[in-house]
Amino acid sequence: QPWQNTLEAKIALQVLVERGEGVTLEELESLYPFPLDPFQREAIRALLKGESVVVAAPTSSGKTLVGEAAAIAMLTKRKKLIYTTPLKALSNQKMLEFQDRVGASRVGLRTGDTALQLESEVVVMTTEILRNMLYNLDDARWQEVGAVVLDEVHYLGDPSRGTVWEECIIYAPKHVQLVCLSATVGKPHQ
């Protein structure tokens, strides 16, 4: 697991969250038992400046760490994060991973048939659920959301489901940072 799952790391995260002043790249790095790769540092640096990012990296290269860093950054700014996946099973897995990393009480889940702790600071859901939520932007809760992670964003190219990702990107509120993760997105620099 990429997370430094030690008592020391969990206490350090708790201190950062309670401080509520954001986080630095160095503080984020200290939560991991290894140095971050240059692409991870570059993406996290951009996130911490308030920019949206696309992370296109091979499978098992560590792009999910950028999504984790976005969650930590939002927690330390007292903002919420929505983490989307294309599949219910993957959403369930991500929920468990986030619960292990940031605490079970901070993580919720929303899929077509499950709704758990929806007022949590990190809510994992399928991308279709997010798209449906975006149809109701008048909901005041959107002011609490600081970032959305679109895992497997290469689904944009899927003929049957790609419009869901397109609509999420188009309809996301301007103040919400997008963190797009993919192992196979073509021409990421464009």
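Just above sits the structure.
Residues numbered from 1 in each chain as written. Predicted model: local features only at pLDDT ≥ 70, side-chain atom pairs only at ≥ 80, totals over all residues. Heavy atoms only, no water.

Draft legend 1. Layout of the pattern of salt bridges. Across all of its chains, the model carries 11 salt bridges by this definition. Glutamate 21 is the partner of arginine 19 in a salt bridge, and the nearest nitrogen-oxygen pair spans 3.9 Å. The exposure class of arginine 19 is partly exposed, given its relative accessible area of 33%. The exposure class of glutamate 21 is exposed, given its relative accessible area of 63%. Put simply, Lys80, Glu119, Arg141 and Glu144 are held in one network by salt bridges that share partners. (Salt bridge = Lys/Arg side-chain N within 4 Å of Asp/Glu carboxyl O. Buried < 20%, exposed > 50% of the residue type's maximum accessible area, 1.4 Å probe, protein only.)

Draft legend 2. Spotlight on the environment of glutamate 68. Tracing the chain through its elements places glutamate 68 in helix H4 (residues 63-76). Its relative accessible area of 4% is what places glutamate 68 among the buried residues. Note: C-alpha distance between glutamate 68 and arginine 110 (42 residues apart in sequence) is 18 Å. (Helix = DSSP H or I, 4+ residues; strand = E, 2+ residues; numbered from the N terminus.)

Draft legend 3. Spatial organisation of a nonpolar patch on the surface. On the surface, a cluster of nonpolar side chains totalling about 430 Å² of accessible area is made up of Tyr135, Leu137, Ile170 and Tyr171. With respect to the helices, strands and loops of the structure, tyrosine 171 is situated in helix H7 (residues 162-171). (Patch = residues over 30% accessible without salt bridge, like charges linked within 9 Å, V, L, I, M, F, W, Y side chains within 5 Å. Areas by Shrake-Rupley, 256 points an atom, 1.4 Å probe, with all protein chains shown as cover.)

Draft legend 4. Expanded view of the side chain of threonine 85. On the secondary structure map, threonine 85 appears in strand E2 (residues 80-85). A relative accessible area of 0% means that threonine 85 is categorised as buried. Within the structure, the side chain of threonine 85 is placed 2.6 Å from the side chain of serine 91, a separation counted as a polar contact. Those residues in contact with threonine 85, other than ones at most four positions away along the chain, are Leu90, Ser91, Lys94, Met125, Thr126 and Thr127. (Polar contact = N/O pair within 3.5 Å; in protein donor to acceptor, adjacent residues only side chain to side chain. Contact = heavy atoms within 4.5 Å.)

Draft legend 5. The arrangement of the sheet that holds strand E6 (residues 145-151) in detail. Spatial strand order, E1-E7-E6-E2-E5-E3-E4: seven strands in an open sheet with mixed pairing. A single partner strand is all that each edge strand has here, and the edge strands are strand E1 (53-56) and strand E4 (115-116). With four bridges connecting them, strand E3 (residues 107-110) and strand E5 (residues 122-126) associate as parallel partners. Across the sheet, residue valine 107 finds its bridge partner in E5, namely valine 122. Lying on the sheet, helix H6 (residues 127-134) is in contact with E2, E3, E5 and E6; it crosses E5 at an angle near 105 degrees. (Pairing = 2+ DSSP bridges. Axes fitted to C-alpha atoms, helices over the stretch in contact; angles between N-to-C directions.)

Draft legend 6. Structural detail: helix H1 (residues 7-19). Helix length check: H1, at 13 residues, gives a terminal C-alpha distance of 18 Å against a target of 18 Å (1.5 Å per residue), a fit within 8%. The inward-facing, buried residues of H1 abut helix H2 (25-29), H4 and helix H5 (88-102). Glycine 20 occupies a position one or two residues after H1 and carries a positive phi of about 65 degrees. (Expected span 1.5 Å × (residues − 1).)

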